[in-house]
Amino acid sequence: MKKNFRQFLSLLLLYPAASFSQTAVEPVYELFDSAIHIQNTDLANGTEYVEQHIIQSNDHKYFQTMVYLNGNVVYNGQPYYKLDLQYNVYDDLLLTRIPTAGGATLIQLHKENVQAFNIDGHSFIALKRTSDEKPQFYEILLEGNNTLLLKKHRKKIKKHLDQNFTYFEFKEDTPEYFVAVNDIPEEIESQRSVSKLFPNKEEQIQNFYRSNSPLKRANPDKFFTQLFQSLIPSTSELNHN
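The following refers to the structure shown. As the structure is a computational prediction, the values presented were derived from the model and not from experiment.

**Observations concerning the overall build of the protein chain**
Phase 1: When helices and strands are tallied, the protein chain shows six helices and 13 strands.
Phase 2: Residues classed as buried in the protein chain amount to 41% of the 241 residues present.
Phase 3: Across the protein chain, every contact between residues at least 6 apart in sequence was considered, and the portion connecting residues at least 24 apart equals 55%.

**Some words on helix α4 (residues 202-211)**
Working note: α-helix, 3.6 residues per turn, so residues spaced by three or four point in the same direction.
Phase 1: Looking only at α4, the buried set comprises Ile205, Phe208 and Tyr209. In an axial view of α4, the angular spread of the buried residues amounts to 95°, which keeps them on one side of the axis. Those residues of α4 that are exposed and aimed more than 90 degrees away from the buried face are Glu203, Arg210 and Ser211.
Phase 2: Buried positions along α4 lie against α3 (191-197), α5 (213-218) and α6 (220-231).

**Looking at the pattern of salt bridges**
Phase 1: Within the structure shown, the criterion is met by ten salt bridges.
Phase 2: Linked by salt bridges that have partners in common, Glu51, Lys61 and Asp91 make up one network.

**Details of unusual backbone geometry**
Phase 1: For Gln64, which is not glycine, the phi dihedral falls at a positive 70°.
Phase 2: Mapping Gln64 onto the fold places it in the loop between β1 (47-48) and β2 (69-75).
Phase 3: Positive phi values are uncommon outside glycine, yet Asn76 reaches one of about 55°.
Phase 4: Here Asn76 lies in the loop between β2 and β3 (78-88).
Phase 5: Residue class for Asn76 comes out partly exposed when judged on its relative accessible area of 30%.

**Observations concerning the nonpolar core**
Phase 1: In terms of nonpolar packing, the biggest core is built from 20 residues, with Leu43, Val73, Tyr87, Leu109, Val114, Phe117 and Ile119 touching the most fellow members.
Phase 2: Within the residue set of this core, elements represented by two or more residues are β2, β3, β4 (93-100), β6 (114-119) and β7 (122-127).
Phase 3: In this structure, Val73 is in contact with Leu43, Gln78, Pro79, Tyr80, Leu83, Leu94, Leu109, Val114, Ala116 and Phe117, ignoring residues within four places of it in sequence.

**Section: the packing of aromatic side chains**
Phase 1: The tally for this structure, following the rule as stated, stands at 15 aromatic pairs.
Phase 2: On the numbers, 6.3 Å between centres and 45° between planes, the contact of Phe63 with Tyr87 is tilted. Note that Phe63 is positioned in the loop between β1 and β2 and Tyr87 in strand β3, a separation of 24 residues in sequence. Each member of the pair, Phe63 as well as Tyr87, carries the same accessibility label: buried.
Phase 3: What links up through ring pairs into an aromatic cluster is the set Phe63, Tyr87, Phe117, Phe124 and Phe137.
Phase 4: Residue placement shows Lys111 over the ring face of Phe137; its charged tip is 5.4 Å from the ring centre.

**Concerning the pairing of strand β13 (residues 184-187)**
Phase 1: Taken together, the four bridges between strand β12 (residues 176-181) and β13 define a ladder with antiparallel strand orientation. Bridge pairing in β13 places Val181 opposite Ile184.
Phase 2: Hairpin connection between β12 and β13: a loop of two residues separates the two successive antiparallel strands, and Asn182 in this loop has a positive phi of roughly 55°.

**Examining the sheet that holds strand β5 (residues 103-108)**
Phase 1: On the basis of which strands lie adjacent, the open sheet formed by eleven strands has the order β1-β5-β4-β3-β2-β6-β7-β8-β9-β12-β13 and antiparallel pairing. Pairing within the sheet leaves two strands with one partner each, and these edge strands are β1 and β13.
Phase 2: Pairing geometry for β3 and β4, over four bridges, is antiparallel. Bridge assignment links Asn88 to a residue of β4, and that residue is Leu93.
Phase 3: Its contacts with the sheet put α6 on β8 (136-144), β9 (147-152) and β12, and the angle it makes with β8 is roughly 45°.

**Remarks on the side chain of Gln86**
Phase 1: Here Gln86 shows up in strand β3.
Phase 2: The class of Gln86 is buried, set by a relative accessible area of 6%.
Phase 3: Reaching out from Gln86, the side chain makes a polar contact with the backbone oxygen of Met66 at a distance of 2.2 Å.
Phase 4: Once you skip the residues sitting within four places of it in the chain, Gln86 turns out to touch Tyr62, Met66, Val67, Tyr68, Leu93, Leu94, Leu95, Leu106 and Ile119.

**Remarks on the pairing of β6**
Two faces make up the sheet, and in a regular strand the side chains alternate between them.
Phase 1: Here β2 pairs with β6 via five bridges, running antiparallel. Bridge pairing links Val73 to Phe117 in β6.
Phase 2: Connecting β6 to the next strand, β7, in antiparallel fashion are two residues, including Asp120 with a positive phi near 50°.

Reading the values: rules and limits
- Residues numbered from 1 in each chain as written.
- Predicted model: local features only at pLDDT ≥ 70, side-chain atom pairs only at ≥ 80, totals over all residues.
- Heavy atoms only, no water.
- Helix = DSSP H or I, 4+ residues; strand = E, 2+ residues; numbered from the N terminus.
- Buried < 20%, exposed > 50% of the residue type's maximum accessible area, 1.4 Å probe, protein only.
- Contact = heavy atoms within 4.5 Å.
- Arc of directions from axis to C-beta.
- Salt bridge = Lys/Arg side-chain N within 4 Å of Asp/Glu carboxyl O.
- Core = buried A, V, L, I, M, F, W, Y, C linked by side-chain atoms within 4.5 Å.
- Phe/Tyr/Trp six-rings, centres within 6.5 Å; stacked < 30°, edge-to-face > 60°.
- Lys NZ or Arg CZ within 6 Å of the ring centre and 35° of its normal.
- Pairing = 2+ DSSP bridges.
- Axes fitted to C-alpha atoms, helices over the stretch in contact; angles between N-to-C directions.
- Polar contact = N/O pair within 3.5 Å; in protein donor to acceptor, adjacent residues only side chain to side chain.

Everything listed here is a matter of geometry and, on its own, says nothing about what the molecule does.
Below is the structure:
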């Protein structure tokens, strides 16, 4: 009954003509989850998260901060709002805090059931690069015409031995950038890989790289966003073979 009602609410999000916009329906989800308690929804069916590394500093494995951030998630096709979320970048895991009688439990959501999430204003999507691999989480930097510009956050680990005590530090690693057409992410490895996607705009791409090389080094997010803002409007030129 609970799941069927949530599915009914999801249909309202898909059909705004039924006098419901997402803004109008969101409070209904929140009221429903509040009434049945979030611990009685599918979110509670994940695995209890156990931290595998001792972290002694602010060099952690999480997105932006070690504290919980406000966010939303689409899980098993159902949206959930105003959750306490943590995104473990190093292990590529999404965690949520579920209230319990004894306080709260940190739950690792089943990755294959997470379609998308938003955390502290940053939107992520779960996609597979090949059919036989597990989905990975990518931040959406730009969206348009069935095309997504994506950023794969990465962190690297460093092990420290202090007498008989072992702890770990996690540093930001070089991110990877992808273009997804029809939900298939392809890595942007070079200017040439961009030109292969947009063969009719090779000169434009070459000029952009030449004119904005300092920006690429200083702020690659902005570099790729500006580049693809100029390329995405005509997706018919994409070569996705």
